[in-house]
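A closer look at the structure
Below, each chain spelled out in residue letters.
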Amino acid sequence: MLEHLIVLPVVLPLVSGILLLISRHGSTFAKRLLGVGSTALLLLVAIALLGQAAGGEVAYYALGDWQPPFGIVMVLDRLSALMILLTAVLALGCVVFASAGDDEQGSNFHGLFQLQLMGINGAFLTGDLFNLFVFFEVLLLASYALLMHGGGKARIQAGLHYVVLNLAGSALFLIAVGVLYGATGTLNMTHMAVRLAELESERAGLVSAGALLLLVVFGLKAAILPLYFWLPRAYASAPAPVAALFAIMTKVGIYAILRVYSLIFGDQAGPLTALEQPWVWWLALGTLAVSAVGVLAARDLRLLVAYLVLVSVGTLLAGIGMRTPEATSALLFYLIHTTLVTGGLFLLAELIGLQRGKAGTRLVKGRPLRNGGLLAVLFLVGAAAVAGLPPLSGGIGKAFLMIAATPAQQPWLWPLLLIAGLCSLVALSRAGSTLFWRSHEGEPSDLPLGRRQLFGVTWLLGASPLLVILAGPVSDYTQATAEQLSSPAPQIRALLPDHAAHANGGDA
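An account of the accompanying structure is given in this report.

**A look at the overall build of the protein**
Within the protein, the regular secondary structure consists of 22 helices and two strands. In terms of overall dimensions, the protein is globule-like: its C-alpha atoms have a radius of gyration of 22 Å, near the 23 Å expected for 508 residues. Seen along its three principal axes, the alpha-carbon backbone of the protein occupies a region of about 80 × 55 × 40 Å. Relative to its 508 residues, the protein shows a buried fraction of 60%. Across the protein, every contact between residues at least 6 apart in sequence was considered, and the portion connecting residues at least 24 apart equals 79%. A total accessible area of about 19000 Å² is found for the protein, and carbon and sulfur atoms account for 67% of it. For the protein, the centre of its 27 positive side-chain charges and the centre of its 24 negative side-chain charges are spaced 17 Å apart.

**Here's the deal with the side chain of Asp-102**
Within the secondary structure layout, Asp-102 lies in the loop between helix H3 (78-98) and helix H4 (109-125). The side chain of Asp-102 is buried and forms no salt bridge, while Arg-155, the nearest opposite charge, is found at 6.3 Å. Setting aside residues up to four positions removed in sequence, Asp-102 forms contacts with Phe-97, His-149, Pro-241, Glu-350 and Gln-453.

**Here we look at the side chain of Thr-328**
Positionally, Thr-328 belongs in helix H14 (residues 325-355). Aside from chain neighbours lying at most four places away, what touches Thr-328 is Leu-258, Ala-482 and Leu-485.

**Section: empty space enclosed by the protein**
Enumeration over the complete set of coordinates arrives at four cavities of 30 Å³ or more. Roughly 100 Å³ of volume is contained in the largest cavity. Around the largest cavity sit Val-58, Asp-77, Arg-259, Ser-262, Leu-263, Gln-484, Leu-485, Ser-487, Pro-488, Pro-490 and Gln-491, which together line it. For the lining of the largest cavity, the leading source of residues is helix H11 (residues 249-263), giving three residues. Of the residues in the lining of the largest cavity, the class split is five nonpolar, four polar and two charged. Of the volumes computed, that of the second largest cavity is approximately 80 Å³. What lines the second largest cavity is Phe-136, Leu-139, Leu-140, Tyr-162, Asn-166, Lys-221, Trp-230, Met-249, Thr-250, Val-252 and Gly-253. Sort the elements by how many residues they give to the lining of the second largest cavity and H11 lands first, with four residues. Here the lining of the second largest cavity is built from residues that sort into seven nonpolar, three polar and one charged.

**Some words on the pattern of salt bridges**
A full pass over the atoms with the stated rule returns four salt bridges. One salt bridge connects Arg-32 with Glu-104, and the closest N-O pair in it is separated by 3.3 Å. Linking Arg-32 in helix H2 (residues 28-53) with Glu-104 in the loop between H3 and H4, this pair joins segments that are 72 residues apart in sequence. Note on Arg-32: relative accessible area 16%, which makes it buried. One network of salt bridges, in which partners are shared, links Arg-32, Asp-103 and Glu-104.

**As for helix H18 (residues 451-461)**
Restricting attention to buried positions, one finds in H18 the residues Gln-453, Gly-456, Val-457, Leu-460 and Leu-461. The buried residues of H18 occupy an angular sector of 110° when the element is viewed end-on, so they sit on one face. Against the buried residues of H18 lie H3, H14, helix H15 (372-387) and helix H19 (463-469).

**Quick word on the layout of surface pockets**
For the largest pocket, the calculated volume is near 440 Å³. Taken together, 16 residues make up the lining of the largest pocket; nearest its centre are Leu-85, Val-89, Ile-336, Leu-466 and Leu-467. Every element with two or more residues in the lining of the largest pocket is listed here: H3, H14, H19 and helix H20 (471-486). Per element, the largest residue contribution to the lining of the largest pocket is four residues, and it comes from H3. When the residues that make up the lining of the largest pocket are grouped by side-chain class, the tally is 15 nonpolar, one polar and no charged.

**Description of a nonpolar patch on the surface**
A cluster of nonpolar side chains, namely Leu-296, Leu-389, Leu-422, Leu-425 and Val-426, defines an oily patch on the protein surface of about 370 Å² accessible area. For the nonpolar patch, the leading source of residues is helix H17 (residues 410-437), giving three residues. Residue position: Leu-425 is located in helix H17.

**A look at the environment of Leu-485**
Tracing the sequence through the fold places Leu-485 in helix H20. Each C-alpha atom, one on Leu-485 and one on Thr-28, is 44 Å from the other, the two residues being 457 residues apart in sequence. Residue contacts for Leu-485: discarding those within four places in its chain leaves Leu-79, Leu-258, Arg-259, Ser-262 and Thr-328.

**Considering the packing of aromatic side chains**
In total, this model carries 19 aromatic pairs according to the counting rule given. On the numbers, 5.5 Å between centres and 50° between planes, the contact of Tyr-235 with Phe-246 is tilted. In this pair, Tyr-235 is assigned in helix H9 (residues 231-237) and Phe-246 in the loop between helix H10 (240-245) and H11, connecting sequence segments eleven residues apart. No difference in accessibility class separates Tyr-235 from Phe-246, as the two residues are buried. Three or more aromatic residues joined by ring pairs form one cluster here, namely Tyr-144, Tyr-162, Trp-230, Tyr-235, Phe-246 and Phe-346.

**Topic: the nonpolar core**
Membership of the largest hydrophobic core comes to 178 residues, with the highest contact counts inside it found for Leu-129, Phe-218 and Tyr-235. With sequence-adjacent residues up to four places away left out, Phe-218 is seen in contact with Leu-132, Phe-136, Phe-173, Gly-253, Ala-256, Ile-257, Val-260 and Tyr-261. Counting residues in hydrophobic clusters, the runner-up holds eight residues, among them Val-58, Ala-62, Ile-492 and Leu-495.

How each quantity is defined
Residues numbered from 1 in each chain as written. Predicted model: local features only at pLDDT ≥ 70, side-chain atom pairs only at ≥ 80, totals over all residues. Heavy atoms only, no water. Helix = DSSP H or I, 4+ residues; strand = E, 2+ residues; numbered from the N terminus. Rg over C-alpha atoms; globule rule 2.2 N^0.38 Å. Buried < 20%, exposed > 50% of the residue type's maximum accessible area, 1.4 Å probe, protein only. Contact = heavy atoms within 4.5 Å. Areas by Shrake-Rupley, 256 points an atom, 1.4 Å probe, with all protein chains shown as cover. Lys, Arg positive; Asp, Glu negative; His and termini not counted. Charge placed at Lys NZ, Arg CZ, Asp CG, Glu CD. Salt bridge = Lys/Arg side-chain N within 4 Å of Asp/Glu carboxyl O. 1 Å grid on protein atoms, 1.4 Å probe; cavity = no way out; pocket = protein on both sides within 12 Å on 5 of 7 lines; lining within 4 Å. Points joined across faces, edges and corners; volume = space filled by probe spheres on them. Nonpolar A, V, L, I, M, F, W, Y, C, P; charged D, E, K, R; others polar. Arc of directions from axis to C-beta. Patch = residues over 30% accessible without salt bridge, like charges linked within 9 Å, V, L, I, M, F, W, Y side chains within 5 Å. Phe/Tyr/Trp six-rings, centres within 6.5 Å; stacked < 30°, edge-to-face > 60°. Core = buried A, V, L, I, M, F, W, Y, C linked by side-chain atoms within 4.5 Å.

In structure tokens, the structure reads:
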């Protein structure tokens, strides 16, 4: 059974999603039970995979026993195990929150939710570029429907822009994969890394074109400047549990950049090494600057959190642009923090909006909050964490990134990172004072907080203080992950022992 564990994060949500879609007219309780149960089981599988990967060995699962580089493989290393666990933790909070009633606003919520998990997990585990494209399409198709779950003009408009842009991105992705396949003769990422080390000079230009096309596609998924403009409205319009799950969607693009350009275009790629670095570095700094302005301009709590997601995108991509193991370790720590905390803030915004009546999440005067004290405490924890205030996890992650910057990078990164944090703090302080302290109108809402909703929010926001307590072991794991990423040789030996032996003169 253990040898099949690697493929379970894909198979489990696939089977659950199919069962939920088949029984879409069944009882709500049964669908919720299956959806939550499947996600909880996924969390247990993810913990087991993390334990398996923590030793540092790279493992793979060959579908149909077709061995690489010819077959479809799922690859497990420290990075993919970490991303699977992060997805499972986020998804459990979202699906429990949705089970309080958001899942009934439209049809097939739980089935689509599981299919999106399948696509996300497949993207993190796949070992070849074409199946990365396939899993991107699976998660995007599910996200199209989830984004418009419940209907409404704002969601349909945002969904239309989201669909059109991602269809264009998918076309570019397919072109890029075709170009790289034509130049290298393989789709397996590990095999492609080996082929690039032996690439003829006349094909270098073709590979560079394919690689930069991939950067455009991954940049669109990650919402990097100037490809970010779809994100704020889409995330702000989506149902709260969907927007919270979407917090991992930008990280799929960031993961793809980190994976593809560290493995395929690593140190063995000769003149093509670090092909993406100058582009990612400067565009990341631009994303930080633009998103800081967007945070200050936001007049709706959902939109504010969406721009905070963009701030995190710029921060993470700056870490990729530094291209050192120390920076990679820092960005992975920050990635865990920002994914869970921004997801929790989307759910919290929904709770606040429900108790404010017609004012909703707009930053204007509204009804007094029935559970104002509890919501204010949760908002304070989330705001302090996402703004990067010490001693919470956001402050630790940003400190790690600032320390990892070289003397030449510090004059660019430090001011922008600190200014973006200050803008976030100002915007969140203004939002908090409007929501909890400014004069209110009318009577408090009689809508109580649901236990499932409260669980979802505290489950995700509680990750910030927990990351502080576990900062030592978590940073040790991220450092080991960064070192593993910086050297593709162990993955080549694990998947392609014959090629590794040939590269080392017959001594694998």
